[in-house]
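Single-letter residue listing:
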Amino acid sequence: LQGYADDQLLIRPLRCPLDEYRLAEDVETVLGHQRMKGLRCNAKKTQLVVLALSEQHSFLNTPLVIEGVPIEPKTSIKYLGIQLDSHLNFETHWRRVTGCMKATLGSLDRLLRGAPRGIKRVVLDTYSKGVLLHSIKACPPTTVRSWQRLESIRTYEARLISNNWTAERETVLKLAGI
């Protein structure tokens, strides 16, 4: 019987090549603790993102290797429901959240076809507010584009509720009552 360690996060600043060596040591330390508890790391499912506020240290000079498997850095990874991208601006997270929201709102709208506008508003608005409030608390939008995505999804919701696809944004929000 083999147990696995899930959802672990290791953060190490990389300011010089020596820090990359220290990162590898830290990984080995964590893996050693896991082994002592009868757990193991699935290197094939392990993800790595190099968080960089500048392009200067946005890569590793030496690949990180776990159990003989080199771990290729990605531009973003999903950790506990949040998409962490290499610049920590959460742009990737908000693109994913609003894309999923649009698909779900469309599905709910089809399920509610023929329902009174008030019922439609309550269902769609309850869903939207729940997702947005949860996501905003965890990682608020930090870019203009992310805020535009939020405005766009609320406008889409309002157009579904009001069934008005031609009016200006503010008008459609009023018509929908959101």
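Residues numbered from 1 in each chain as written. Predicted model: local features only at pLDDT ≥ 70, side-chain atom pairs only at ≥ 80, totals over all residues. Heavy atoms only, no water.

A. Unusual backbone geometry, seen in detail. Non-glycine residue Glu67 carries a positive phi angle of around 50°. The backbone of Phe90 shows a phi angle near 60°, a positive value even though the residue is not glycine. Here Phe90 lies in the loop between strand S8 (82–85) and helix H2 (91–111). Overall, Phe90 belongs to the buried group, its relative accessible area being 15%. (Helix = DSSP H or I, 4+ residues; strand = E, 2+ residues; numbered from the N terminus. Buried < 20%, exposed > 50% of the residue type's maximum accessible area, 1.4 Å probe, protein only.)

B. Just the nonpolar core, in detail. Within the largest apolar cluster, 24 residues are counted, with the highest numbers of intra-cluster contacts made by Leu84, Phe90, Trp94, Leu105 and Leu124. Broken down by secondary-structure element, the contributors of at least two residues to this core are strand S7 (76–79), S8, H2, helix H3 (117–138), helix H4 (144–162) and helix H5 (169–176). Residues within four places of Leu124 in sequence aside, it is in contact with Leu105, Leu108, Asp109, Glu157, Leu160 and Ile161. Core analysis: the next-biggest nonpolar cluster, separate from the first, contains twelve residues, Leu31, Ala43, Val50 and Leu60 among them. (Core = buried A, V, L, I, M, F, W, Y, C linked by side-chain atoms within 4.5 Å. Contact = heavy atoms within 4.5 Å.)

C. Geometry of the environment of Leu51. Residue position: Leu51 is located in the loop between strand S3 (48–49) and strand S4 (64–66). Taking the C-alpha atoms as reference points, Leu51 and Ser86, separated by 35 residues in sequence, lie 4.3 Å from one another. Setting aside residues up to four positions removed in sequence, Leu51 forms contacts with Asp85, Ser86 and Leu88.

Purely geometric numbers; function is a separate question.
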